[in-house]
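Notes for the structure review
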Amino acid sequence: MADGQPPLQAGATTPGRSGVLFVMTGASGVGKDTIRNAAMPFVEDLEFSVSATTRGQREGEEHGVQYYFLERQKFVEMIDNDLFLEYADFVGEYYGTPLEPVKEALAEGRDMLLELELVGARQVKRRMPEAVMIFIVPPSLTELERRLRGRGTESEEKIQKRLARAREEIRALREFDYLIVNDEVNEAASLFLSIIRAERSRARLLSQKQVESFLREE
Ligand code: 5GP
């Protein structure tokens, strides 16, 4: 570009604008990770926020990748020191988003994706009203139950509690900006990508300097 300005594109983060915060919410077992993993190869510059949790590590999970697995005492210390953007108790365990990486990314114009249950999602919306809120529903509760059981990671009691939370969360879905039905994963991922592209194209995200760049004559 003539004046050294980077090209304006919907796909990637544009220097000079603040980052966009995406929040994905939906019942445990609905397939949030699967949609994210299917979509990520097609999205540029979208960082995933790794949460902290007190729940036990599942087979195949790694500290610092899916979660930071913390002792309860450490988690409570972080709450007391205001180190979370949001946190919630989900079926007897704590889950929380470390504040610093999110603040830093947004200030530097990098976009971030959070995966949260409903209570945490509401806290984020209150603290950052411009966050883009996306809700994922299963095609039916029967299908959700099948997926939760298929995972084989939770006791019957925990499965029942997760299903009860799923019903509560679905009742709140109109609080969100977008809805994705996760029936077929590629379709769901494709809709997720469209939402990201559309939100990144919002004119209000541009800095005045970027607006000026459209006035140049070449
Ligand atoms: P799971 O134990 O199945 O990994 O997660 C249980 C629920 O907690 C899921 O709905 C998941 O999206 C949510 N979750 C994961 N990380 C966070 C977080 O940092 N904060 C909140 N509020 N919920 C989270």
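Since the model is a prediction, treat every value here as computed from it, not as a measurement.

1. Focus: the sheet that holds strand E7 (residues 111–116)
- Taken in spatial order, the five strands line up as E2-E7-E1-E8-E9 in an open sheet, and their pairing is parallel. Each of the sheet's edge strands pairs with one partner strand only, and the pair in question is strand E2 (46–48) and strand E9 (178–181). Each neighbouring strand pair of the sheet contributes to a mean axis angle of 25°, computed without reference to strand direction.
- In the sheet, E2 pairs with E7 via three bridges, with the strands oriented parallel. If you follow glutamate 47 over to E7, its bridge partner there is methionine 112.

2. Focus: the pairing of strand E6 (residues 93–98)
- Burial runs high along E6: five of the six residues are buried.
- The pairing of strand E3 (residues 51–53) with E6 spans two bridges and is antiparallel. From the neighbouring strand, threonine 53 faces E6, where its bridge partner is tyrosine 95.
- Across six bridges, the pairing between strand E5 (residues 84–90) and E6 is antiparallel. Paired with aspartate 89 across the strands is tyrosine 94, a residue of E6.
- Following E5, the chain reverses through two residues before pairing antiparallel with E6; valine 91 in that reversal takes a positive phi of roughly 50°.

3. Thoughts on unusual backbone geometry
- Positive phi values are uncommon outside glycine, yet aspartate 45 reaches one of about 55°.
- By the element assignment, aspartate 45 lies in the loop between helix H1 (32–39) and E2.
- Of note in the backbone geometry, valine 91 takes a positive phi value of approximately 50° without being a glycine.
- For valine 91, a relative accessible area of 11% translates into the label buried.

Rules of the game
Residues numbered from 1 in each chain as written. Predicted model: local features only at pLDDT ≥ 70, side-chain atom pairs only at ≥ 80, totals over all residues. Heavy atoms only, no water. Pairing = 2+ DSSP bridges. Helix = DSSP H or I, 4+ residues; strand = E, 2+ residues; numbered from the N terminus. Axes fitted to C-alpha atoms, helices over the stretch in contact; angles between N-to-C directions. Buried < 20%, exposed > 50% of the residue type's maximum accessible area, 1.4 Å probe, protein only.

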